[in-house]
Amino acid sequence: MHNSISSLYIGLMSGTSLDGVDGVLVELPDVAGAMRLLATAYQPFSPSFRQDAMALQQAGANEIEREALLANTLAEHYAVCVNELLRQAPQVQRQQVRAIGAHGQTIRHRPELGFTRQTNNPALLAELCGIDVIADLRSRDVAAGGQGAPLVPAFHRAVFGAEGETRVVLNIGGISNISILHADGNTSGFDTGPGNVLMDAWIAQHQGKSYDENGSWAALGQIDTGLLASLCDEEFLRQLPPKSTGRDLFRPDWLMQKLANFSSVAAVDVQATLCAFTAVTLADAIYQHAPAANAVYVCGGGAYNARLMQEIARQLQQRGCLASVASTQALGVSPNHVEALAFAWLAQRFTLRLPGNLPEVTGAKGLRILGALYPA
Ligand SMILES: Nc1ncnc2c1ncn2[C@@H]1O[C@H](COP(=O)(O)OP(=O)(O)O)[C@@H](O)[C@H]1O
Ligand SMILES: [Mg+2]
């Protein structure tokens, strides 16, 4: 198989949770046919990388150099993930991989100011891997007046859409986004607000853990309705789509401000309330934009939070929504592979010079080919 006719792609995703990089090696036929997953890999970030990336979320001294060095470290980390994927698929030669779709690490997301920054050194990644790299997949949509996010709804439509059925896909990473795959073939989507980011920050502060495994800590607490109402009182949640958000808004100090009037609430009850908060924002989004959805499929790390999954189902029932709630595993795709697959798919869209955005989702002026090529 020669490079020019191969349909093998690698997708690399590292999201706002700052947990690590998810990678997939997948066959995506150019014309028709099902995708075939050949390898998956996960490379967690080191605590020092997470700290450096977190520090770049806000203004600080010597930012340019710190960002450039973080980008180098990220590219090296991505290359390790690529090597692991290739090690798992010895039948694949690296020259056969048509492209790597590399998301990069979001350190600022300010579409209202005309930019979004996914730091990365794609030149170094191409140098280390000897494979074409497609990077900076969000900027062109922002240049066309869009939010540059979410980008996954087009992929969700392509793989999870079902004619005659309204399906909702919830991607619960650090931040959450929703894709509504309407029965008539239309697709809508937007960022709904927090996913795991606040729960992760709270358990890190109180128990020194990076996340609440299975939501078991949250499950021990009681929801504080006053605190929940205060969390829900946020302008972003009232905005109509298109909209997107990130750590720029849902930062630790946002949470601290909200908690200032609730200092008597026990830490475990705060965790239960943060879990409910994410569930409420998701259930509201479904209730407002897809009340008659048949089914809700969840991907991203939040799908592994059993407490959160129960709470989403409960909040939907309370609103009279009858949709079933399951992880994307029910559709044959593991929840932690969906986003990396989406970036492999976006790399394929670029390679075929096909648009990757949905203007009705991002608010861009039109369809755009997303990304920039760093040749092998
Ligand atoms: N077993 C689990 N139980 C509870 N939460 C989990 C579990 N596994 C992952 N998560 C959550 O998912 C997050 C990572 O999700 P991910 O989809 O990678 O998000 P991102 O795209 O923002 O990196 C973790 O930070 C954690 O909060
Ligand atoms: Mg992640």
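Please read these numbers as outputs of a predicted model, since none were measured by experiment.

**Q** For this particular structure, what's the right way to read the overall build of the protein?
**A** The helix and strand tally for the protein stands at 14 helices and 13 strands. For the protein, the C-alpha radius of gyration of 20 Å lies close to 21 Å, the compact-globule estimate for 376 residues. Taking the principal axes of the C-alpha coordinates as reference, the protein spans close to 60 × 55 × 40 Å. Counting over 376 residues, the protein shows a buried share of 54%. Within the protein, contacts between residues separated by at least 24 positions form 69% of all contacts whose residues are at least 6 apart in sequence. On the protein, the mean spot of the 26 positive side-chain charges and the mean spot of the 33 negative ones are 3 Å from each other.

**Q** Mind showing me how you'd approach the UniProt feature "binding site: ATP" (unreviewed entry) in the protein here?
**A** Per the UniProt annotation, the sites labelled "binding site: ATP" (unreviewed entry) are G15, T16, S17, L18, D19, G20, V21 and D22. By the secondary structure assignment, T16 is in the loop between β1 (8-13) and β2 (20-27). Setting aside residues no more than four positions away along its own chain, T16 makes contact with G174, I175 and R247. Note that L18 resides in the loop between β1 and β2. Apart from the residues lying within four places of it in its own chain, the contact partners of L18 are F45, R50, A53, M54, Q105 and R247.

**Q** Which parts of the structure should I look at to understand the site of ligand 1?
**A** Inspection of the region around ligand 1 gives 19 residues, with S17, G174, D200, N214 and G301 positioned closest. Taking T16, its main chain carries an N or O atom lying 3.1 Å from an oxygen atom of ligand 1. Measuring from a nitrogen atom of ligand 1, one finds a backbone N or O atom of N214 at 2.7 Å. Relative to its unbound accessible surface of 580 Å², ligand 1 loses 88% to contact with the protein. Shared between two domains, the shell around ligand 1 holds at least three residues of each, these being domain 1 (3-148 + 337-374) and domain 2 (152-331).

**Q** Any chance you could explain the packing of aromatic side chains here in plain terms?
**A** Given two aromatic rings, their pairing is described by the distance between the two centres and the angle made by the two planes. One pass over the full model with this rule turns up five aromatic pairs. A ring pair is formed by W254 and F277, whose centres lie 6.0 Å apart and whose planes are at 15°; its orientation type is stacked. Of this pair, W254 sits in helix α10 (residues 252-259) while F277 sits in helix α11 (residues 267-289), and the two are 23 residues apart along the sequence. Among the aromatic side chains, those forming a connected cluster through ring pairs are F236, F250, W254 and F277. Lying across the ring of F236, K243 places its NZ or CZ 4.5 Å from the centre.

**Q** Explain the packing of helix α2 (residues 63-88) against helix α3 (residues 122-129) to me, please; I cannot follow it from the model alone.
**A** Relative placement of two packed helices is described by the angle separating their axes and the distance separating the axes. It is the contact of α2 with α3, at a shortest axis distance of 9 Å, that shows an interaxial angle of 35°. The hand of the α2/α3 crossing is right-handed. Together, N72, A75, E76, Y78, A79 and V82 of α2 and L124, L125, L128 and C129 of α3 make up the contact between the two elements. Looking at the contact of α2 with α3 residue by residue, the class counts come to eight nonpolar, one polar and one charged.

About the thresholds
Residues numbered from 1 in each chain as written. Chains lettered and ligands numbered in written order. Predicted model: local features only at pLDDT ≥ 70, side-chain atom pairs only at ≥ 80, totals over all residues. Heavy atoms only, no water. Helix = DSSP H or I, 4+ residues; strand = E, 2+ residues; numbered from the N terminus. Rg over C-alpha atoms; globule rule 2.2 N^0.38 Å. Buried < 20%, exposed > 50% of the residue type's maximum accessible area, 1.4 Å probe, protein only. Contact = heavy atoms within 4.5 Å. Lys, Arg positive; Asp, Glu negative; His and termini not counted. Charge placed at Lys NZ, Arg CZ, Asp CG, Glu CD. UniProt positions renumbered as here; feature names shortened; annotations may be inferred. Near = heavy atom within 4 Å. Polar contact = N/O pair within 3.5 Å; in protein donor to acceptor, adjacent residues only side chain to side chain. Areas by Shrake-Rupley, 256 points an atom, 1.4 Å probe, with all protein chains shown as cover. Domains from an automatic or database assignment. Phe/Tyr/Trp six-rings, centres within 6.5 Å; stacked < 30°, edge-to-face > 60°. Lys NZ or Arg CZ within 6 Å of the ring centre and 35° of its normal. Axes fitted to C-alpha atoms, helices over the stretch in contact; angles between N-to-C directions. Left-handed = near helix turned anticlockwise from the far one by under 90°. Nonpolar A, V, L, I, M, F, W, Y, C, P; charged D, E, K, R; others polar.

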